[in-house]
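Analysis of the macromolecular model
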Amino acid sequence: MPRNIRGLTLGLTLLTSALPAIAFAQGLPPLEQKDSYRVGFAQTESNNPWRIAETQSMRDVADECGWELVYTDAAGSAAKQVADVNSMIAQGVDAIFLAPREETPLIPAVMNAKEAGIPVFLIDRNVNQSVAQAGEDYVTFIGSDFIDQGRRAAEWLVAETGGEATIIELEGTTGSSPANDRKKGFDDVIAEHPGMEIVASQSGDFSRDQGREVMATLLQAHPDVTAVYAHNDEMAIGAIAALEAAGRTPGEDVTIVSIDGTRDALQAIIDGKLGATVQSSPFFGPISCETMQRYAAGEEIEPWVKIEDMFFDASNAAEHIDEAY
Ligand code: GZL
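The rules behind these values
Per chain, the residues get numbers from 1 upward, laid out in the order the sequence is written. Residue-level local features of this predicted model are given only where pLDDT is at least 70; pairs of side-chain atoms are given and counted only at 80 or more, and the full residue set underlies all totals for whole chains, interfaces and linings. Side-chain numbers come from the whole structure's heavy atoms, not from hydrogens or water. The start and end points of each domain follow an automatic or database-based domain assignment. For this analysis, residues touch if any pair of their heavy atoms sits within 4.5 Å. Buried surface area refers to the total accessible area, computed with a probe of radius 1.4 Å, that the two partners give up upon joining, counted for both partners together. Whenever Lys or Arg places a side-chain nitrogen within 4 Å of a carboxyl oxygen from Asp or Glu, that contact is recorded as a salt bridge. In this text, near means that some heavy atom of the residue lies within 4 Å of the molecule or strand in question. Under this definition, polar contacts are N or O atom pairs within 3.5 Å; protein pairs additionally need one hydrogen-donor-capable and one acceptor-capable atom, and for neighbouring residues in sequence, both atoms have to be side-chain atoms. The accessible surface values rely on the Shrake-Rupley method and a 1.4 Å probe; as for residues, cover is taken only from the protein chains in view. In the cavity and pocket records, a cavity denotes points on a 1 Å grid over the protein atoms alone where a 1.4 Å probe fits but cannot get out, a pocket denotes an open set with protein on both sides within 12 Å along at least 5 of 7 lines, and lining residues are residues with an atom within 4 Å of a point. In this scheme, a molecule is assigned to a cavity or pocket if more than half of its atoms are within 2 Å of the grid points. Put simply, DSSP marks the helices as runs of H or I at least four residues long and the strands as runs of E at least two long, and each gets a number from the N terminus on. Any two cysteine sulfur atoms lying within 2.5 Å of each other are counted as a disulfide. Categorising residues by exposure relies on relative accessible area from a 1.4 Å probe, with only protein chains included: less than 20% of the type maximum marks a residue as buried, more than 50% marks it as exposed, and the intermediate range marks it as partly exposed. Note on definitions: angles span 0 to 180 degrees between N-to-C directions of axes, and those axes are lines fitted to C-alpha atoms, for helices only across the stretch in contact. Angles below 35 degrees are treated as roughly parallel, those above 145 as roughly antiparallel, those between 65 and 115 as roughly perpendicular, and all remaining angles as oblique. Two helices that cross are described as forming a left-handed crossing if the nearer one is turned anticlockwise from the farther one by less than a right angle, and a right-handed crossing if clockwise. By the convention adopted, Pro, Cys, Tyr, Trp, Phe, Met, Ile, Leu, Val and Ala count as nonpolar, Lys, Arg, Asp and Glu as charged, and the other residues, Gly among them, as polar. The criterion for strand pairing is that DSSP finds at least two bridges linking the strands in question.

1. Description of the domain arrangement of the protein
Accessible area lost upon the coming together of the parts is a frequently used measure of interface size. In terms of domain boundaries, the protein breaks down into domain 1 (6-143 + 282-305) and domain 2 (146-280). Between the C-alpha centres of domain 1 and domain 2 there is a distance of 33 Å. Tallying the contact residues gives twelve residues for domain 1 and 15 residues for domain 2. Summing both partners gives a buried area of about 1,000 Å² for domain 1 against domain 2, and 48% of it is carried by carbon and sulfur. Of all residues in domain 1, the largest losses of buried area upon contact with domain 2 belong to Trp50, Glu103 and Arg125, amounting jointly to 40% of the total for that side. At the surface where domain 1 touches domain 2, the tally comes to one salt bridge.

Okay, here's the thing in structure tokens:
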């Protein structure tokens, strides 16, 4: 066999023998260490203080983290968020941070990024993990434990009402991981208490106005309501407005518990209208920067970078309102 052919054959043999090992070790697209990156952040919408605070937190770290941020806002549409991610892929960004508006529709976008060799970091919301997995299809999920948030809200409500309540539940965005898991965590605890009954549960899409409208409608059907569980503070504040418009006295004849820890919620606790809120921090910038740097340095990232959340009630709302968003 001529020398040049033998050398070529040897080279191909070495390369192909190494490929499976490389591919196996890196089911995920790699990310080289460099001084600056083009980073996509695909936001779901900007319809409430939480989402606005999250976006600002990502923008605030961009300079120090060496990011040229490519930002998109899906305006509440999962289909547009898919298109937004596909656009980032076409632009050839180095990495993508994605808050999947709903658990399943965003999976094709995650897979497209993987195919294109772009690592995806999920922040704030997760995808359907029976279809796509951290460490395989995306680097990791950086976010709170939504089931635990729902559990903590329920446990507070059980204690506050002595285990006797007729409950209306205002759910978050249909199909989103926080709505699914906050419902599971809360409902499972309530099911353990015979004196606690959820008489209605409907989505207000994490929106103050929709929370008010849904609460007004459900209140007509369930005038005997004595407690409200809202998957976020915005809907809780909407519910307070609906209850007051109907002549009820939130904090006295209706006990309300929610999740997030916004400034308006802490003020409502101080005013005696909201009972408690489980924090769900929107400040993803620093942890996102740190996680991406760890990944670029070759560290194996845990499948869930869990955010620890505080709990706010009448005992500490005034102490923390100045740092709220
Ligand atoms: C939670 C986040 C939720 C907030 C809402 O991580 O996805 O979306 O609880 C926001 O306020 O709209």
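This is not the end of the story, as more comes after the structure.
2. So, the site of the ligand
Taken together, Asn48, Trp50, Arg51, Asp124, Arg125, Phe146, Pro178, Arg182, Phe206, Asn232, Asp260 and Ser280 are the residues near the ligand. Within the side chain of Arg51, a nitrogen or oxygen atom sits 2.8 Å from an oxygen atom of the ligand. Arg182 has a polar side-chain atom sitting 2.8 Å from an oxygen atom of the ligand. Compared with its free state, where it exposes 320 Å², the ligand has 99% of that area covered by protein. One can see that the ligand is located within the largest cavity.

3. With respect to the side chain of Asp187
When you line up the elements, Asp187 lands in helix H6 (residues 177-190). With sequence-adjacent residues up to four places away left out, Asp187 is seen in contact with Glu169 and Ile198.

4. Concerning the state of the cysteines
Here, disulfide denotes a covalent bond that connects the sulfur atoms of two cysteines. Per the stated rule, a full pass over the model turns up one disulfide. At a sulfur-sulfur separation of 1.9 Å, the disulfide partner of Cys65 is Cys289. Between Cys65 and Cys289, the S-S torsion sits near 100°, and that sign places the bridge as right-handed. Of this pair, Cys65 sits in helix H2 (residues 49-65) while Cys289 sits in helix H10 (residues 285-296), and the two are 224 residues apart along the sequence. Each member of the pair, Cys65 as well as Cys289, is classed as buried.

5. Examining the packing of helix H7 (residues 208-221) against helix H8 (residues 233-245)
The angle between the axes and the distance between the axes are what describe a pair of packed helices. At a closest axis distance of 7 Å, the pairing of H7 and H8 adopts a crossing angle of 45°. By the angle between their directions, the pair H7 and H8 is classed as oblique. Between H7 and H8 lies a crossing whose hand is right-handed. When H7 is examined against H8, the residues Arg208, Gly211, Arg212, Met215, Ala216 and Leu219 are found in contact with a partner set consisting of Glu234, Met235, Ile237, Gly238, Ala239, Ala241, Ala242 and Leu243. Classifying every residue of the contact of H7 with H8 by side-chain character gives nine nonpolar, two polar and three charged.

6. Overview of the sheet that holds strand E2 (residues 67-73)
Read from one edge of the open sheet, six strands run E2-E1-E3-E4-E5-E11, paired in parallel fashion. Each edge of the open sheet carries a strand with a single partner, namely E2 and strand E11 (304-307). Sheet twist, expressed as the average angle between the axes of neighbouring strands with direction ignored, equals 15°. Set on the sheet, H2 makes contact with strand E1 (37-43), E2, strand E3 (95-98) and strand E4 (120-123); between it and E2 the angle comes to about 160°.

7. Observations regarding the packing of H2 against H10
The interhelical angle for the contact between H2 and H10, taken along N-to-C directions, is 40°, at an axis separation of 8 Å. As judged from the angle between their axes, H2 and H10 are oblique. For the pair H2 and H10, the sense of crossing is right-handed. Residues Ser57, Met58, Val61 and Cys65 of H2 lie in contact with H10, whose contacting residues are Gly285, Pro286, Ser288, Cys289 and Gln293.

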